[in-house]
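Fold and geometry: a report
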Amino acid sequence: MIPVEVSTTFLTSAGNDFVILLKGIGDERTLPISIGQMEAQSIAIHLNKVPFPRPLTHDLFKSLVDASNLKFLHTVIYNLKDDTFYAWLVFEKGDKIIEIDSRPSDAIAIALRHSAPLYVDDIVMDTAGIVIPPDKEIEFSQQDTAQATLSESEITALTQELTPLETLQRKLDQAVEEVRYEEAAGLRDKIDNFTQLN
């Protein structure tokens, strides 16, 4: 699993889709996920520490978890099927691990409120992760959360920046360059498997 953090959320120029960017920690890729307006607002409210007079749904969920015998461990985006991402909320209760199915947007909003780690499964990142050029990262970082806009063509261009195979090859080259041979061997095996499957 790849640890990630919320980079930003933005509204596409079409005005009807919000996208959240999950940037890999120790990984150059970013995972873009379309989310609903309410979830985008909930995430933005929390990230920007906007005071709210009454608890929002994700705040209420946190309060319920805190009042129970559950310990929130982390969120993981574990699958991508038919252009739909799937996530788990992972809890600990006594000696049991409990995984609860969730939309990624809700899972992210809840994890943020618990200050809990966010993870993306390697296969999901290999399939849908993109490398955002540094100039675009600066552009995103200068925008207010949930206020930046991109056209559909810009999003498509970003997602086509590198193919999954090109991304793996780039990671392999970097691992070899940094003398991380064990990691390089694992990446080489992934490339071989990917090549055989395609």
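Keep in mind that this is a model prediction, so the values were computed, not measured.

1. Comments concerning the environment of Glu183
Relative to the helices and strands, Glu183 resides in helix 8 (residues 181-197). Note: C-alpha distance between Glu183 and Leu172 (11 residues apart in sequence) is 7.9 Å.

2. Here we look at the pairing of strand 4 (residues 71-81)
Note: strand 4 against strand 5 (residues 84-93), 9 bridges, orientation antiparallel. Looking across to strand 5, one finds that Lys81 is bridged to Thr84. In this structure, strand 4 lies alongside strand 7 (residues 118-120), joined through 3 bridges in parallel fashion. Bridge pairing in strand 7 places Thr75 opposite Leu118.

3. Observations concerning helix 1 (residues 37-47)
Those residues of helix 1 that sit buried are Glu39, Ala40, Ser42, Ile43, Ala44 and Ile45. Among the residues trailing helix 1, Lys49 stands out with phi positive, at a value near 55 degrees.

4. Some thoughts on the environment of Asp106
With respect to the helices and strands, Asp106 occurs in helix 3 (residues 104-113). For the pair Asp106 and Ala87, spaced 19 residues apart in sequence, the C-alpha to C-alpha distance is 9.0 Å. Setting aside residues no more than four positions away along its own chain, Asp106 makes contact with Glu39 and His58. Polar contacts involving the side chain of Asp106 include one to the side chain of His58, which spans 2.8 Å. At 2.9 Å, the side chain of Asp106 and the side chain of Arg103 are in polar contact.

5. Re the pattern of salt bridges
Between side chains of opposite charge, a pair can form as their charged atoms come close. The final tally for this structure, using the stated rule, is 6 salt bridges. For Arg103, the salt bridge identified is with Glu39, shortest N-O distance 2.6 Å. In this pair, Arg103 sits in the loop between strand 6 (96-102) and helix 3 while Glu39 sits in helix 1, placing the two residues 64 residues apart along the sequence. Arg103 sits in the partly exposed class, given a relative accessible area of 48%. Here Asp66 ties to Lys62 by a salt bridge, and the two come within 2.6 Å at their closest N and O atoms. One end of the pair, Asp66, and the other, Lys62, are both in helix 2 (residues 57-67), 4 residues apart, so they sit about a helical turn from each other. Judged by relative accessible area, which is 48%, Asp66 ranks as partly exposed.

6. Some points on the confidence of the model for the protein
Residues at a pLDDT of 70 or more form 74% of the protein, whose mean pLDDT is 78. Confidence, expressed as mean pLDDT per element, reaches its minimum in the protein at strand 8 (residues 148-150) with 40 and its maximum at strand 7 with 96. Long-range and interchain partners of residues 141-162, a stretch whose pLDDT sits below 50, account for 47 contacts in this model, where long-range means more than four residues apart.

7. Here's the deal with the nonpolar core
Formed by 30 residues in total, the largest nonpolar core has its most connected members in Leu22, Leu31, Ile77 and Ile108. Setting aside its immediate chain neighbours within four residues, Leu22 contacts Val4, Glu5, Val6, Arg29, Thr30, Leu31, Ile33, Ile77, Ile108, Val120 and Met125. Membership of the second largest hydrophobic core comes to 5 residues, among which are Leu172, Ala175, Ala184 and Ile191.

Conventions adopted
Each chain has its residues counted from 1, running along the sequence as written. This being a predicted model, a pLDDT of at least 70 is required before a residue's local features are given, and a value of 80 or more before pairs of side-chain atoms are given or counted; all residues contribute to the totals for chains, interfaces and linings. Hydrogens and water molecules were not included; the side-chain quantities draw on all heavy atoms of the structure. Going along the chain from the N terminus, every DSSP run of H or I of four or more residues is numbered as a helix, and every run of E of two or more is numbered as a strand. At least two bridges found by DSSP between two strands are what make those strands a pair. Three exposure classes are used, based on accessible area relative to the maximum for each residue type with a 1.4 Å probe and protein chains only: buried under 20%, partly exposed in between, and exposed over 50%. Here, residues are in contact when the closest pair of their heavy atoms is within 4.5 Å. N or O atoms closer than or at 3.5 Å make up a polar contact, with two conditions inside protein: a donor-capable atom paired with an acceptor-capable one, and, for residues adjacent in sequence, both atoms drawn from side chains. When a carboxyl oxygen of Asp or Glu lies within 4 Å of a side-chain nitrogen of Lys or Arg, that pair is called a salt bridge. As a per-residue measure, pLDDT reflects the predictor's confidence and takes values from 0 up to 100. To form a nonpolar core, buried Ala, Val, Leu, Ile, Met, Phe, Trp, Tyr and Cys residues must be joined to one another through side-chain atoms within 4.5 Å.

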